[in-house]
Amino acid sequence: LSITMHIFTIRKKILFTKLAKDLVGIAQYACMFAWTGMALTIVGAFREIIFILKEKYKFAQHIAWLFVFLFLSAVVAPLLSWQGYISIIPSVGSVLLILGLYSKKTHVIKLFYLGGTILWFIYDVIDKNYMQAIFIAIEIIFLIISLIILLGKHVKNRNIQKMA
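Read on for an overview of the structure. Just so you know, these numbers come straight off a predicted model, no measurement behind them. (Residues numbered from 1 in each chain as written. Predicted model: local features only at pLDDT ≥ 70, side-chain atom pairs only at ≥ 80, totals over all residues. Heavy atoms only, no water.)

## What to know about the overall build of the protein
Then step 1. Each helix and strand in the protein was counted, giving seven helices and zero strands.
Then step 2. When the helices and strands of the protein are placed in sequence order, the string is α-α-α-α-α-α-α.
Then step 3. By residue count, 43% of the 164 residues in the protein fall in the buried class.
Then step 4. The contacts in the protein between residues at least 6 apart in sequence include a share of 63% that link residues at least 24 apart.
Then step 5. Surface exposure of the protein reaches about 9000 Å², of which carbon and sulfur atoms provide 76%. (Helix = DSSP H or I, 4+ residues; strand = E, 2+ residues; numbered from the N terminus. Buried < 20%, exposed > 50% of the residue type's maximum accessible area, 1.4 Å probe, protein only. Contact = heavy atoms within 4.5 Å. Areas by Shrake-Rupley, 256 points an atom, 1.4 Å probe, with all protein chains shown as cover.)

## Things to note about the environment of F51
Then step 1. Structurally, F51 is set in helix α3 (residues 35-53).
Then step 2. Taking relative accessible area as the criterion, F51 reaches 1% and is therefore assigned buried.
Then step 3. Considering only alpha carbons, one finds F51 and I98, 47 residues apart in sequence, at a separation of 9.6 Å.
Then step 4. The contact partners of F51, leaving out residues within four places of it in the chain, are R11, L15, F69, I98, L101 and Y102.

## Remarks on the environment of Y123
Then step 1. If you trace the backbone, Y123 turns up in helix α6 (residues 106-126).
Then step 2. Accessibility expressed as a relative area gives 0% for Y123, which makes it buried.
Then step 3. Once the C-alpha coordinates of Y123 and I89 are considered, the two residues, 34 residues apart in sequence, prove to be 6.0 Å apart.
Then step 4. Leaving out residues up to four positions away in the same chain, Y123 has contacts with Y29, A34, T36, G37, Q83, I86, I89 and P90.

## Considering helix α5 (residues 88-102)
Then step 1. Look at α5: 21 Å from first C-alpha to last across 15 residues, which is about the 21 Å you get at 1.5 Å a residue.
Then step 2. Listed in full, the buried residues belonging to α5 are P90, S91, G93, S94, L97, I98, G100, L101 and Y102.
Then step 3. Packing partners of the buried residues in α5 comprise α2 (11-31), α3, α4 (64-80) and α6. (Expected span 1.5 Å × (residues − 1).)

## Focus on the packing of aromatic side chains
Then step 1. Enumeration over the complete set of coordinates arrives at eleven aromatic pairs.
Then step 2. Ring plane angle 70° and centroid distance 5.6 Å describe the contact between F46 and F69, whose orientation is recorded as edge-to-face. Of this pair, F46 sits in helix α3 while F69 sits in helix α4, and the two are 23 residues apart along the sequence.
Then step 3. Among the residues examined, F69 registers a relative accessible area of 0% and is labelled buried.
Then step 4. Taken together, the ring pairs in this structure connect F46, F51, W65, F69 and Y102 into an aromatic cluster.
Then step 5. One Lys or Arg, K54, reaches over the ring of F51 and ends 5.9 Å from the middle of that ring.
Then step 6. In this arrangement the basic side chain of K54 is found over the ring face of Y102, its NZ or CZ atom lying 3.5 Å from the centre. (Phe/Tyr/Trp six-rings, centres within 6.5 Å; stacked < 30°, edge-to-face > 60°. Lys NZ or Arg CZ within 6 Å of the ring centre and 35° of its normal.)

## Regarding α4
Because each turn of an α-helix spans 3.6 residues, side chains separated by three or four positions in sequence point in the same direction.
Then step 1. Of all the bends in α4, the greatest, near 40°, is centred on L72.
Then step 2. On its buried face, α4 sits against α3 and α5. (Bend = angle between axes of the 7 residues up to and from the residue.)

## Looking at a nonpolar patch on the surface
Then step 1. A cluster of nonpolar side chains, contributed by M131, I134, F135, I138, I141, F142, I145 and I149, occupies part of the molecular surface with about 750 Å² of accessible area.
Then step 2. With respect to the helices and strands, the residue I138 is situated in helix α7 (residues 130-163). (Patch = residues over 30% accessible without salt bridge, like charges linked within 9 Å, V, L, I, M, F, W, Y side chains within 5 Å. Salt bridge = Lys/Arg side-chain N within 4 Å of Asp/Glu carboxyl O.)

Structure (structure tokens):
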């Protein structure tokens with residue numbers, strides 16, 4: 001799921017794939033007793049559902065959702081699942097993911113996603129969740145490749161427009 005998500009350039013497909021990844025991640029973090037990771041992943045799954053509905057339903061388009069998810073990720077989830085200062089790392093990563101996934105621009109989504117994913121990688125290494133850290137490392141590689149391709153296309157299109 002992590003790898004296929006970065007192939008997509010359509011926001012809705014990215015969000016659906018991220019939702020599926022989060023649903024698997026909730027169970028995985030629960031099995032590891034990584035409560036902060038689990039709490040933030042639950043918030044993430046709910047976030048993806050609202051962001052998917054944002055394109056179709058008026059209630060999901062309200063900017064208040066952005067602040068709700070930022071508050072839940074930055075304050076509530078870390079406090080309720082506090083494991084020490086380690087809880088701050090995935091919290092900041094989740095904030096970056098929220099800001100990225102809120103955007104409609106694919107390159108913005110992927111840039112913020114990269115920052116957030118790196119922080120989740122650090123959290124998983126510190127939490128000794130090495131299998132998840134390996135998957136995230138692979139995801140980071142594919143994300144960087146997809147960003148290079150996407151930004152390369154963006155620059156090429158800009159150069160073509162300047163020439164016209």
